[in-house]
Amino acid sequence: MNPIFKSHEKDFMRIEADQVCVDYNGTVALYDASLNLKAGSICGLVGMNGAGKSTFFKALMGFVRPSTGKIRLNGLRVNQAQKDQTVAYVPQNEGIDYAFPVSVWDVVMMGRYGAMNIFRIPRESDRRAVFHALERVDLLDLRNRPIGSLSGGQRKRAFLARAIAQRASVLLLDEPFAGVDVPTEKLMAELFLQFRQEGHTILISTHDLNHVRDFCDFVVLINKTVLAYGETSEVFTSENLNKTFGGMPPNPLSGPESSKNFVNE
Amino acid sequence: MSELLISIAPLNWLLDPLTHEFMRRALMVSALVGGVCGLLSCYMTLKGWALMGDAVSHAVMPGVVVAYALGLPFSLGAFVFGVGSVALIGFIKQKSRIKEDTVIGLVFTGFFALGIVLVSKIKSNIDLMQILFGSPLGISQSDVKQTLIISFIVIFILLLFRKDLMLYCFDAKHARSIGINTGILHYLLLTLLSLSAVVGLQTVGIILVVAMLITPGATAYLLTDRFDRMTILAVISSSFSSILGVYISYWSDIETGGSIVLVQTLIFLIAFLFAPKYGIFKNQTLINNG
């Protein structure tokens with residue numbers, strides 16, 4: 001099924017999705033999607049809007065229940081993995097209410113909630129984790145600012161810091177490069193490589209092909225199902241990309257959305 | 001009213017009502033109810049549940065009537081119908097193609113109408129005006145007891161789960177991804193809303209209780225960027241409005257519920273105009289100084 005990993009290595013998989021199908025009230029959003037990612041890898045999840053990227057993410061995070069197939073994170077069922085703080089999700093900027101009265105520090109501290117007791121009273125170790133995470137994304141100076149006063153790139157970094165503070169081994173990033181400034185982009189790219197070194201597994205949902213080429217070890221091409229999966233250099237062929245983007249060669253400048261209308265015609 | 005204020009010494013203005021048992025009771029209950037609703041209003045405004053607050057507070061009406069008619073605690077009936085309306089809203093939304101705000105409006109007016117019909121049909125000594133407009137000055141001993149118990153339950157739960165509920169309002173996806181059961185939090189918040197509506201209608205009545213559930217939060221939201229401070233400011237402004245509203249009502253013989261909510265609205269308007277960072281005159285001082 002998957003050419004890269006031998007079966008005996010399966011136990012060491014961080015992300016394991018086996019023939020996952022998801023449907024919303026009878027409309028199939030994703031079928032037969034399989035994916036195996038080991039520790040210390042960066043994988044790009046590439047597809048058009050509506051191709052099932054966010055459905056795949058939702059299934060991995062347990063937000064939607066697959067109608068068939070199974071998902072394991074670190075060998076655990078999704079809800080168990082969440083309780084073990086295995087998964088960190090870094091949202092798209094649009095999904096967050098930035099007028100919410102919380103500071104950058106508060107937001108990053110939310111990454112520690114799962115490890116705290118029911119009263120969510122931070123211990124010294126939690127504060128250290130938050131401090132360290134803010135240091136890594138270079139936001140320590142802004143820690144007392146309201147989250148809404150940050151720029152787009154800084155906001156992204158704050159949510160990345162929350163994922164770092166959570167110390168999750170699996171990171172799911174939704175369009176991490178959308179609308180960020182160049183320094184943030186550089187910093188994030190460096191961080192991702194460090195994460196890989198540390199043994200994290202990163203799954204990046206994106207339609208920006210350049211970023212995938214730059215630092216993803218693996219690529220999953222998706223259009224309602226996994227069209228191709230493997231090492232970036234092998235999978236990133238024009239033939240595969242044509243399949244993914246529905247017969248329209250993707251233009252990295254205008255983005256794959258532009259091809260969507262074409263397909264519908 | 002201004003003549004009254006001038007004709008009596010300010011200290012007497014404050015102390016004289018306290019000589020009456022019913023006023024001491026009214027002030028205590030109003031302050032407590034104000035605090036409870038003020039605390040919850042932070043979550044309502046941040047979660048964007050103002051309409052839900054309106055719905056639940058109106059939907060408790062038939063519950064209150066039925067409970068009175070059966071001789072049960074009114075809070076029990078109100079609670080059942082409050083939670084029932086929420087469940088019905090969720091059910092209709094899920095099973096039909098109708099948009100949520102339409103479903104909310106549809107369900108709560110239906111419940112409210114049922115309440116009014118029941119009042120007119122059930123032979124009892126229920127005072128429709130008292131349910132609609134509240135009457136903290138005429139609150140009975142048993143109602144005080146119920147209000148105290150419910151208030152402390154709500155405060156206890158809100159303080160215990162304040163961080164989880166705050167996270168749920170801010171980023172429910174993250175809450176879920178770290179293993180927090182957001183479904184439980186959702187219904188917990190709705191239950192607290194029903195309970196707060198029940199205590200709120202004691203002082204300001206069903207029609208105005210939604211003001212208690214959103215105005216203090218909205219005021220506090222204009223004054224701070226910190227969640228903890230927001231809750232403290234909302235509680236203070238809400239309790240203060242309730243106490244001042246009862247005093248004004250006592251001295252000038254106006255409807256207590258209306259008086260409380262008007263004070264709240266005035267405080268909101270002051271914040272809206274002059275809040276240091278988010279008031280509409282915020283830039284004035286910056287321009288003058290710069």
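Residues numbered from 1 in each chain as written. Chains lettered and ligands numbered in written order. Predicted model: local features only at pLDDT ≥ 70, side-chain atom pairs only at ≥ 80, totals over all residues. Heavy atoms only, no water.

Participant: Would you mind showing me how to read the pairing of strand S9 (residues 226-231) of chain A here?
Facilitator: Two faces, one strand: in a regular strand the side chains alternate between the faces of the sheet. Residue and element names in this part refer to chain A. Pairing of strand S8 (residues 218-222) with S9 involves five bridges; the strand directions are antiparallel. Following the sheet pairing, Phe-218 is matched in S9 by Glu-231. Connecting S8 to the antiparallel partner S9 that follows it, the hairpin turn spans three residues, and Lys-224 within it adopts a positive phi of roughly 70°. (Pairing = 2+ DSSP bridges. Helix = DSSP H or I, 4+ residues; strand = E, 2+ residues; numbered from the N terminus.)

Participant: Please clarify how the sheet that holds strand S7 (residues 201-206) of chain A should be interpreted in this entry.
Facilitator: Whether parallel or antiparallel, the strands of a sheet pair through hydrogen bonds between backbone atoms. Residue and element names in this part refer to chain A. Reading across from one edge, S5-S6-S7-S3-S8-S9 is the order of the six strands in this open sheet, with mixed pairing throughout. The open sheet terminates on both sides in strands that have one partner only, identified here as strand S5 (87-90) and S9. Each neighbouring strand pair of the sheet contributes to a mean axis angle of 15°, computed without reference to strand direction. Across the sheet, helix H1 (residues 53-60) lies against strand S3 (41-46), S5, strand S6 (170-174), S7 and S8, angled at about 150° from S7, the strand it touches most. Sheet strands touched by helix H6 (residues 182-197): S3, S6 and S7. Its angle to S3, the strand with the most contacts, is close to 125°. (Axes fitted to C-alpha atoms, helices over the stretch in contact; angles between N-to-C directions. Contact = heavy atoms within 4.5 Å.)

Participant: Help me understand the environment of Leu-39 of chain B, please; the structure alone is not making it clear to me.
Facilitator: All names here are of chain B. Take Leu-39: it is sitting in helix H3 (residues 21-47). Residue classification places Leu-39 among the buried positions, given a relative accessible area of 11%. C-alpha separation for the pair Leu-39 and Ala-69, spaced 30 residues apart in sequence, amounts to 32 Å. Setting aside anything within four residues of it in sequence, one finds Leu-39 in contact with Leu-158, Thr-231 and Val-235. (Buried < 20%, exposed > 50% of the residue type's maximum accessible area, 1.4 Å probe, protein only.)

Participant: Is there a simple way to explain the packing of aromatic side chains in this structure?
Facilitator: With the rule as written, the count across this model stands at 16 aromatic pairs over all chains. Plain terms: the ring middles of Phe-218 of chain A and Tyr-229 of chain A are 6.4 Å apart, the flat faces sit at 40° to each other, and that makes the pair tilted. Taken together, the residues span a long stretch of sequence, with Phe-218 of chain A in strand S8 and Tyr-229 of chain A in strand S9 at a distance of 11 residues. Here Phe-218 of chain A and Tyr-229 of chain A have matching classes, each one buried. Just above the ring of Tyr-98 of chain A sits the side chain of Arg-155 of chain A; from NZ or CZ to the centre is 4.0 Å. The positively charged end of Lys-47 of chain B is found above the aromatic ring belonging to Tyr-168 of chain B, 4.0 Å away from the centroid. (Phe/Tyr/Trp six-rings, centres within 6.5 Å; stacked < 30°, edge-to-face > 60°. Lys NZ or Arg CZ within 6 Å of the ring centre and 35° of its normal.)

Participant: I would appreciate a short explanation of the sheet that holds strand S1 (residues 13-24) of chain A in the present structure.
Facilitator: Residue and element names in this part refer to chain A. Taken in spatial order, the three strands of this open sheet run S2-S1-S4, and their pairing is antiparallel. Only two strands of the sheet have a single partner each, and these edge strands are strand S2 (27-38) and strand S4 (68-73). Recorded for the sheet is a direction-independent mean angle of 15° between the axes of neighbouring strands. Across the sheet, H1 is in contact with S1, S2 and S4; its angle to S1 comes to roughly 120°.

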